[in-house]
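Summary of the model geometry
Each chain, written out:
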Amino acid sequence: MKTKAVFEVISIFGLTMLLIVLVGLSPIGYWERQITNRYFVEYAVIIAVPLIWLVITRRNLASYGLSMRNLSYHLDVTATSFVPVAIASATVAFVDYRHWSGAIILAGVKIAVLFAVGWLLKRKPTRNGRSFLVGAAILIPCLNLASKATLGNTISAFIFYVFFLGFGEEFLFRGYIQSRLNAVFGRPFQLYGVNWGWGAIIASALFGFMHVLNLGSLVSGDWTLSWWWGCWTFFGGLVLGFVREKTGSIVAPTILHGLPQAIAYAILGL
């Protein structure tokens, strides 16, 4: 069963990466980058491949993190975790995240965030919507390096980073891969009372490997590997994997993954 599950996960991951390359190198991908400067179609592929597979195999989507039940609880977890995650996201602006020195700093930051989030969630604080505003306030002075934001770019950034990049990567890695491997490997470890296991570790490793492959490099045909980028994003994957295990859903990981980037890119006008 374990071998079958690992083979299935690697196959879906490999197929997804292959289709991303094909779409990116196609006229559609070229046109998309010229018009939007983003990867909407490629991330639509990241969402579609595991979703189609789950539908074909008649899996329970809720067990793979696709559940909106107890939405207030998921938003509470998101608000509680948002400040440390936002601070970690802001750190990327000050280091070379593709160089070993920057990767080591960011890996340390992500590990600190993992324990900070675990501690905060263990205390179960009451919901405080101002946490989102605090996180945004942290990002603005750190990332407001250029005032190029426009309304259209801001809307585009929020749609892409939350609903395409954030949701797409969380659905593939923390939704499909982590859940599929949890079913066969179990969750024998604990952190702050949250059960987790090899599913979170392997999903984070593949998440890091996707950044090693470098989506921009794949779709442009440069084929430049970014090993240090993949190194620290592995630890970022563990943070999101922990939140997925805590909540049983990908709602909070999706927002925590996409929203800080959406704010940053909207401010920078990128």
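Residues numbered from 1 in each chain as written. Predicted model: local features only at pLDDT ≥ 70, side-chain atom pairs only at ≥ 80, totals over all residues. Heavy atoms only, no water.

**Remarks on the confidence of the model for the protein**
Spelled out, the test is: pLDDT gives the predictor's per-residue confidence on a scale running from 0 to 100. Should any heavy atoms of two residues lie within 4.5 Å, those residues are counted as being in contact.
Summing up the model confidence of the protein, the mean pLDDT is 87 and the portion of residues at 70 or higher is 88%. When the criterion is pLDDT under 50, residues 125-147 qualifies, and its contacts beyond four places in sequence or with other chains add up to 43 contacts.

**Details of the pattern of salt bridges**
Just so we agree on the cut-off: By definition here, a salt bridge exists when the distance from a side-chain nitrogen of Lys or Arg to a carboxyl oxygen of Asp or Glu is within 4 Å.
Evaluation of the coordinates by the stated rule reveals five salt bridges. Via salt bridges that share partners, Glu8, Arg59 and Arg180 belong to a single interconnected network.

**Some words on the packing of helix 4 (residues 71-91) against helix 10 (residues 227-247)**
Stated formally: Axes here refer to lines fitted to C-alpha atoms; in helices the fit is confined to the stretch in contact. Angles between the N-to-C directions go from 0 to 180 degrees. In DSSP terms, a helix is any run of H or I states spanning at least four residues, a strand is any run of E spanning at least two, and both are numbered starting from the N terminus. Roughly parallel refers to an angle under 35 degrees, roughly antiparallel to one over 145, roughly perpendicular to one between 65 and 115, and oblique to any angle outside these ranges. Crossings are assigned a handedness: left-handed for a near helix turned anticlockwise from the far helix by less than a right angle, right-handed for a clockwise turn. Ten residues, namely Ala, Val, Leu, Ile, Met, Phe, Trp, Tyr, Cys and Pro, are considered nonpolar, four, namely Asp, Glu, Lys and Arg, are considered charged, and the remaining ones, Gly among them, are considered polar.
The interhelical angle for the contact between helix 4 and helix 10, taken along N-to-C directions, is 150°, at an axis separation of 11 Å. In terms of axis orientation, helix 4 runs roughly antiparallel to helix 10. In the packing of helix 4 onto helix 10, the handedness of the crossing is right-handed. Of helix 10, the residues touching helix 4 (which contributes Tyr73, His74 and Val77) are Val243, Lys246 and Thr247. For the contact of helix 4 with helix 10, the residue count by class is three nonpolar, two polar and one charged.

**Focus: helix 5 (residues 100-123)**
In plain terms, the rule: Helix span is expected to be 1.5 Å times the residue number reduced by one. In this scheme, a residue with accessible area under 20% of its type's maximum is buried, one over 50% is exposed, and one in between is partly exposed, where area comes from a 1.4 Å probe on protein chains only.
Taking 1.5 Å per residue, 24 residues should reach 34 Å; helix 5 reaches 35 Å between its end C-alpha atoms and fits that length. Inspection of helix 5 places Gly102, Ala103, Leu106, Ala107, Lys110, Val113, Leu114, Val117, Gly118 and Leu121 among the buried residues, and these make up the whole buried set. At its buried positions, helix 5 is contacted by helix 4, strand 1 (189-191) and helix 10.

**Observations concerning the environment of Val117**
Mapped onto the fold, Val117 is located in helix 5. The spatial distance from the C-alpha of Val117 to the C-alpha of Ser81 is 5.6 Å, given a sequence separation of 36 residues.

**Quick look at the packing of aromatic side chains**
Describing an aromatic ring pair means giving the distance of the ring centres and the angle of the ring planes. Put simply, the rule reads: The rule is short: rings of Phe, Tyr and Trp, with Trp giving its six-membered ring, pair when the centres are within 6.5 Å, and they are stacked under 30 degrees, edge-to-face over 60, tilted in between. Throughout this description, the term charge over a ring refers to an Arg CZ or Lys NZ atom that lies within 6 Å of the ring centre and within 35 degrees of the ring normal.
Tallied over the entire structure, the rule returns 14 aromatic pairs. A centroid spacing of 6.3 Å and a plane angle of 80° characterise the contact between Tyr97 and Trp232, whose relative ring orientation is edge-to-face. One end of the pair, Tyr97, is in the loop between helix 4 and helix 5; the other, Trp232, is in helix 10, with 135 residues separating them in the sequence. Exposure remark for Tyr97: the relative accessible area of 25% places this residue in the partly exposed category. Three or more aromatic residues joined by ring pairs make a cluster, and in this case those are Phe40, Tyr43, Phe160, Tyr161 and Phe164. Stacked on the ring of Phe207, the Lys or Arg Arg174 has its end atom at 4.4 Å from the ring centre.

**Some points on the packing of helix 2 (residues 27-36) against helix 3 (residues 40-56)**
Packing of helix 2 against helix 3 leaves a shortest axis separation of 8 Å and a crossing angle of 120°. Between helix 2 and helix 3, the crossing angle belongs to the class labelled oblique. On helix 3, the residues that touch Ile28, Gly29, Glu32, Arg33 and Thr36 of helix 2 are Phe40, Val41 and Glu42. By residue class, the composition of the contact of helix 2 with helix 3 is three nonpolar, two polar and three charged.

**Things to note about the nonpolar core**
Inclusion rule: Throughout, nonpolar core names a set of buried Ala, Val, Leu, Ile, Met, Phe, Trp, Tyr and Cys residues whose side chains join them through atoms within 4.5 Å.
Counting residues in hydrophobic clusters, the biggest one holds 61 residues, and the most contacted among them are Phe173, Tyr176, Ile177 and Phe242. What Phe173 contacts, discounting residues up to four positions off in sequence, is Phe13, Gln178, Ala203, Leu206, Phe207 and Met210. In terms of nonpolar packing, the next biggest core, distinct from the first, is built from six residues, Val95, Ala103, Ala107 and Trp232 among them.

**With respect to unusual backbone geometry**
Most of the time, phi is negative for any residue but glycine, and the peptide bond is trans. Positive phi is not limited to glycine here, since Asn37 has a value of about 60°. With respect to the helices and strands, Asn37 occurs in the loop between helix 2 and helix 3. Phi at Arg58 is positive, roughly 55°, even though this residue is not glycine. Among the secondary structure elements, Arg58 is positioned in the loop between helix 3 and helix 4. Among the residues examined, Arg58 registers a relative accessible area of 79% and is labelled exposed.

**Things to note about the environment of Ile202**
Along the polypeptide, Ile202 turns up in helix 8 (residues 198-213). Owing to a relative accessible area of 27%, Ile202 belongs among the partly exposed residues under this scheme. Measuring from C-alpha to C-alpha, the distance between Ile202 and Gln178 comes to 7.5 Å, with 24 residues separating the pair along the chain. Sequence-distant contacts of Ile202, defined by excluding residues within four places in its chain, comprise Leu181 and Phe185.

**Here we look at the environment of Ser67**
Applied cut-off: Between N or O atoms, a polar contact is any pair within 3.5 Å; within protein, one atom must be a potential hydrogen donor and the other a potential acceptor, and residues adjacent in sequence are included only when both atoms are from side chains.
Mapped onto the fold, Ser67 is located in the loop between helix 3 and helix 4. Through-space distance from the C-alpha of Ser67 to that of Val251 is 7.6 Å; in sequence the pair is 184 residues apart. Apart from residues lying up to four places away in sequence, Ser67 is in contact with Ala62, Ser249 and Val251. Here the side chain of Ser67 touches Arg69 through a polar contact of 3.3 Å, landing on its backbone nitrogen.

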